[in-house]
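So the chains spell out like this:
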Amino acid sequence: MNTPGDSEATAPRGLELTPFHGLRYDPDRVGSLAAVTSPPYDVVVRPDGVHLLQDADPHNIVRLILPQSTSPGARNEQAADTLRRWIDEGILKTDPDPGLYVYEQRDVDGTLQRGLIGALRLSDPADGVVLPHEDVMPHVVADRAALMRATSANLEPLLLTYRGDSATIATPQIIERTAEKPPLLATTTDDGVSHRLWALTDRADLAAIRADLARHQALIADGHHRWATYRRLRTEHPSPSPWDYGLVLLVDTAHYPLRVRAIHRLLHGLPVADAVAALDGLFRVRRLSVPLPEAQAALAEAARAGNAFLLAGDGAFHLVDRPDPALLARTVPAGHPEAWRTLDATVLHATLLGHVWHIPEDSPAHIAYLHDATTTVTKAERDGETAVLLHPVREEVVRDLARQGATMPRKSTSFGPKPASGLVLRALEL
């Protein structure tokens, strides 16, 4: 597939979003819809967040996406047994007609996002239909694949974006028209975000959407590991099969721009004093005795001039910037676009983790990835470890690098708002 421009009009093959029979909670069988939802599996802070969600309702979706047991095999078997039991007991019911689902999120600050949940035909990166922008960790893909294999279900949608244009007007019109009708469900989660869902089953509407999306490519905004898992499991099942598709939320960012936030690092076993000492002569380091918002403002200002990071864990913040150019020349891999070589995440992984601190990025025993800055700092201070806070990357930089085929270091970005897990599932072998 040729690399298209913003209109993506030259694409010979594009997105194929297919209706499916949604599997949803029966609101009469659970305490509340909000109480059975969860953030995506990789956003849940473990173990505290898992326990809070489990306590919220005995049927919370976290029991499926993050089952708790003594071994990986036992966890996956438990999730499969739980899913089958909930279906048998009518806790989860299958919608009678196949459809796409219009999904709306409205944040407390007024941010509105609407998109389509459906089963997307899987494709390879070389096809240029779905563009990844981050690397994945093999052990996470293996873990998600084992869970998905055991449950025979897509338990939560990943988040994809595309850029609509003046030639693609049917889909946003259908979404807006649908959102004026009474929803299938409406709930507000504890974070203050309201969620609404509608089923879209009209054949003419589905055909119009199919024609619109066939012109477009998508960027994986959130869910690289789940997309890699979908692709792995597709190879295990002869085509055609339901495993040729994966559950996604597709958002047109020309109409509903997403927020892009950073994903932070928690470095286990590395005290801040040691982390700072190792930077002597390699980076400029300034101690900031200010609250977190002011420290993040200082980080944003420093990031205008080049690579910058915030270290925390000892009750203060340490602003790290102005890396030695000779150090970067030695440690950042060549053969990549300049925009990739100058990313904060690239310098963090290639230079700081790989060269200065000697921390293996693939090891959960050495590094954790957290979405919330406050949580990252709190855990670092509690355990005497080092929090590394990053400044977010602009969406246009992410999309441009993806179109060049350049994947960013893993966990470089956090697009949002993310879809709540538990509002609609996809069973593959009912």
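Residues numbered from 1 in each chain as written. Predicted model: local features only at pLDDT ≥ 70, side-chain atom pairs only at ≥ 80, totals over all residues. Heavy atoms only, no water.

Peer 1: Hey, could you go over the side chain of T178 for me, with residue numbers and the actual values?
Peer 2: Residue position: T178 is located in helix α6 (residues 170-178). Under the relative-accessibility criterion, T178 is labelled buried at 4%. Within the local environment of T178, its side chain forms a polar contact with the backbone oxygen of I174, the two atoms lying 2.7 Å apart. Those residues in contact with T178 that sit more than four places away from it in its chain are V102, W198 and L200. (Helix = DSSP H or I, 4+ residues; strand = E, 2+ residues; numbered from the N terminus. Buried < 20%, exposed > 50% of the residue type's maximum accessible area, 1.4 Å probe, protein only. Polar contact = N/O pair within 3.5 Å; in protein donor to acceptor, adjacent residues only side chain to side chain. Contact = heavy atoms within 4.5 Å.)

Peer 1: Run through unusual backbone geometry, naming residues and quoting values.
Peer 2: Geometrically, the link from S239 to P240 is a cis peptide bond, its omega value of 0° lying close to zero. Of note, P240 is situated in the loop between α8 (224-234) and β12 (245-252). Phi at H358 takes a positive value of approximately 55°, unusual for a residue other than glycine. Residue H358 is classed as exposed on the basis of its relative accessible area, which comes to 60%. For K411, which is not a glycine, the phi torsion comes out positive at approximately 55°. Mapping K411 onto the fold places it in the loop between α15 (395-403) and β20 (414-416).

Peer 1: Give a description of the packing of aromatic side chains that names residues and reports values.
Peer 2: In this structure the tally under the stated criterion is 3 aromatic pairs. With 6.2 Å between their ring centres and 50° between their planes, Y25 and W86 make a pair best called tilted. Separated by 61 residues along the polypeptide, Y25 in strand β2 (residues 23-25) and W86 in helix α4 (residues 72-88) bring together distant segments of the chain. Residues Y25 and W86 agree in their burial class; the two are buried. Seen in terms of ring centroids, W227 and Y230 are 6.3 Å apart; in terms of plane orientation they differ by 70°. Their pairing is edge-to-face. Of the two residues, W227 and Y230 both sit in helix α8, 3 residues apart, roughly one turn of that helix. Residue class for W227 comes out buried when judged on its relative accessible area of 5%. By relative accessible area, Y230 is classed as buried at 2%. Note that R144 overlies the ring of Y41, its terminal NZ or CZ placed 4.0 Å from the centroid. (Phe/Tyr/Trp six-rings, centres within 6.5 Å; stacked < 30°, edge-to-face > 60°. Lys NZ or Arg CZ within 6 Å of the ring centre and 35° of its normal.)

Peer 1: Which residues make up the confidence of the model for the protein, and what are the values?
Peer 2: Averaged over all residues, the pLDDT of the protein equals 93, while 97% of them reach at least 70. Under a pLDDT of 50 for its full length, residues 1-12 has, in the predicted model, 26 contacts with residues more than four places off or in other chains. (pLDDT = per-residue confidence, 0-100.)

Peer 1: Tell me about the pairing of strand β14 (residues 264-267), residues and numbers included.
Peer 2: Along β14, one buried face is formed by H264 and L266 and the opposite face, lined by R265 and L267, is buried too. When β14 meets strand β18 (residues 367-370), the two strands line up antiparallel, connected through 4 bridges. Its bridge partner lying in β18, R265 is registered against Y369. Of the strand pairs in this sheet, β14 and strand β19 (residues 386-389) are connected by 3 bridges, and their pairing is antiparallel. Each bridged residue has a counterpart across the sheet, and for L267 the counterpart in β19 is T386. (Pairing = 2+ DSSP bridges.)

Peer 1: Please give an account of the nonpolar core that cites residues and values.
Peer 2: Among the nonpolar cores identified, the biggest contains 109 residues, and L15, Y25, I117, L160, F309 and W357 are the most heavily contacted of them. With near-sequence residues (within four places) excluded, I117 lies in contact with F20, L100, Y101, Y103, L197, L247, V248, L249 and V424. (Core = buried A, V, L, I, M, F, W, Y, C linked by side-chain atoms within 4.5 Å.)

Peer 1: How would you summarise the environment of E381 if you had to cite specific residues and measurements?
Peer 2: Tracing the sequence through the fold places E381 in helix α14 (residues 373-383). Distance from E381 to R232, taken between C-alpha atoms, is 39 Å for residues 149 residues apart in sequence. Residues within four places of E381 in sequence aside, it is in contact with G313, D314 and G315.

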